[in-house]
Amino acid sequence: MKTRFYAVYLGALTLLLVSSCGSLRAPVFDQYSYQKGTELKVDALNLMDKATMSYDSEKTAIDTFQAELDKMLEYQKNRENNTISYAMWKMIANPDKNFIGGFLERWKEKGTLIGPFITEAKGQVSDALDLILQYEGKKDPVAENKLKAILGIQ
Amino acid sequence: MDFKDLLKELKGNLLSLMGSKFDDLKDESKKDVQDFLKASKAKLERWTTLLAEGNITLDDYKWLVESQKDLVVLQGLYAAGVSKIKLGHLKNSILDTVINTAIGFVKEKEDGNNEANA
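Quick notes on the rules
- Residues numbered from 1 in each chain as written.
- Chains lettered and ligands numbered in written order.
- Predicted model: local features only at pLDDT ≥ 70, side-chain atom pairs only at ≥ 80, totals over all residues.
- Heavy atoms only, no water.
- Helix = DSSP H or I, 4+ residues; strand = E, 2+ residues; numbered from the N terminus.
- Buried < 20%, exposed > 50% of the residue type's maximum accessible area, 1.4 Å probe, protein only.
- Contact = heavy atoms within 4.5 Å.
- Expected span 1.5 Å × (residues − 1).
- Arc of directions from axis to C-beta.
- Patch = residues over 30% accessible without salt bridge, like charges linked within 9 Å, V, L, I, M, F, W, Y side chains within 5 Å.
- Areas by Shrake-Rupley, 256 points an atom, 1.4 Å probe, with all protein chains shown as cover.
- Salt bridge = Lys/Arg side-chain N within 4 Å of Asp/Glu carboxyl O.
- Lys, Arg positive; Asp, Glu negative; His and termini not counted.
- Charge placed at Lys NZ, Arg CZ, Asp CG, Glu CD.

Caption draft 1: Focus on unusual backbone geometry. All names here are of chain A. Unusually for a residue other than glycine, N81 sits at a positive phi of about 50°. Looking at the secondary structure, you find N81 in the loop between helix 3 (59-77) and helix 4 (83-93). Exposure remark for N81: the relative accessible area of 26% places this residue in the partly exposed category.

Here it is in structure tokens:
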């Protein structure tokens, strides 16, 4: 009887602790985000190399890349506890910010871009995407899995 | 454009993004901020040289400087995210300790009851 009382007490305590710390819920590492993010980085940098050629001649490649970027944004938007990664991806894709979204917009406006500018802009896009990938890599699946195992929800 | 002023502005933006908590940051995070500013200085110097030599236009230069400012915001988001992850790990450790302590306590009680019944 006493054991049951302690078990209920323990359950209530755990529930209280978990619910009270909801805002601190740690984001979880996601293999797809990391892998797809790496692919998008490589694709973005390859596409930027083509900006010495006219925007119109590369329109198909640009549209394909843009579609992949849009899919990534949609994926990030719907992940749980993912406010920061989503905000970072939104910045990357935003045509008003000076990363890949802004680069493509500038390419469209100017028609072609010059080599030294492309090289420097690539460095900026690369640094930005590295930050996102490093952030994803910092998320630890071990702690979350351990918590789920303790709570019996795995 | 004086890149010392620019660097000062970037540092100001970064610190205001992190609130007045720079002094409270762990050494690791402080190092991230300092490394970032060091990298910013090198880029601004390089871009200014490219502009002076006519390799990029003023418009290109402005675009790149703006992108560095955007990178400051991204760095701020990254720092905030990493802090959140660390807090999450701390929460999990606390939860783990509470549960293990409670389980130990329940087991002791159970063992005590079994001995009394025997």
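Let us keep going from here.
Caption draft 2: The arrangement of the environment of T57(B) in detail. Relative to the helices and strands, T57(B) is located in the loop between helix 2 (27-52) and helix 3 (58-117). When sequence neighbours within four positions are dropped, the list of residues in contact with T57(B) reads R106(A) and L51(B).

Caption draft 3: View of helix 3 of chain A. Residues and elements named next belong to chain A. Taking 1.5 Å as the rise per residue, helix 3 with 19 residues should run 27 Å; its terminal C-alpha atoms sit 27 Å apart, in good agreement. Considered for burial, the residues of helix 3 that qualify are I62, F65, L69, M72, L73 and Q76. Projected down its long axis, helix 3 shows its buried positions confined to an angular sector of 100°, all on one face. In helix 3, the exposed positions that point more than 90 degrees away from the buried face belong to T60 and K71.

Caption draft 4: Quick peek at a negative patch on the surface. A contiguous patch of negative charge, built from E108(B), E110(B), D111(B) and E115(B), is present on the exposed surface. Since its relative accessible area comes to 42%, D111(B) is described here as partly exposed.

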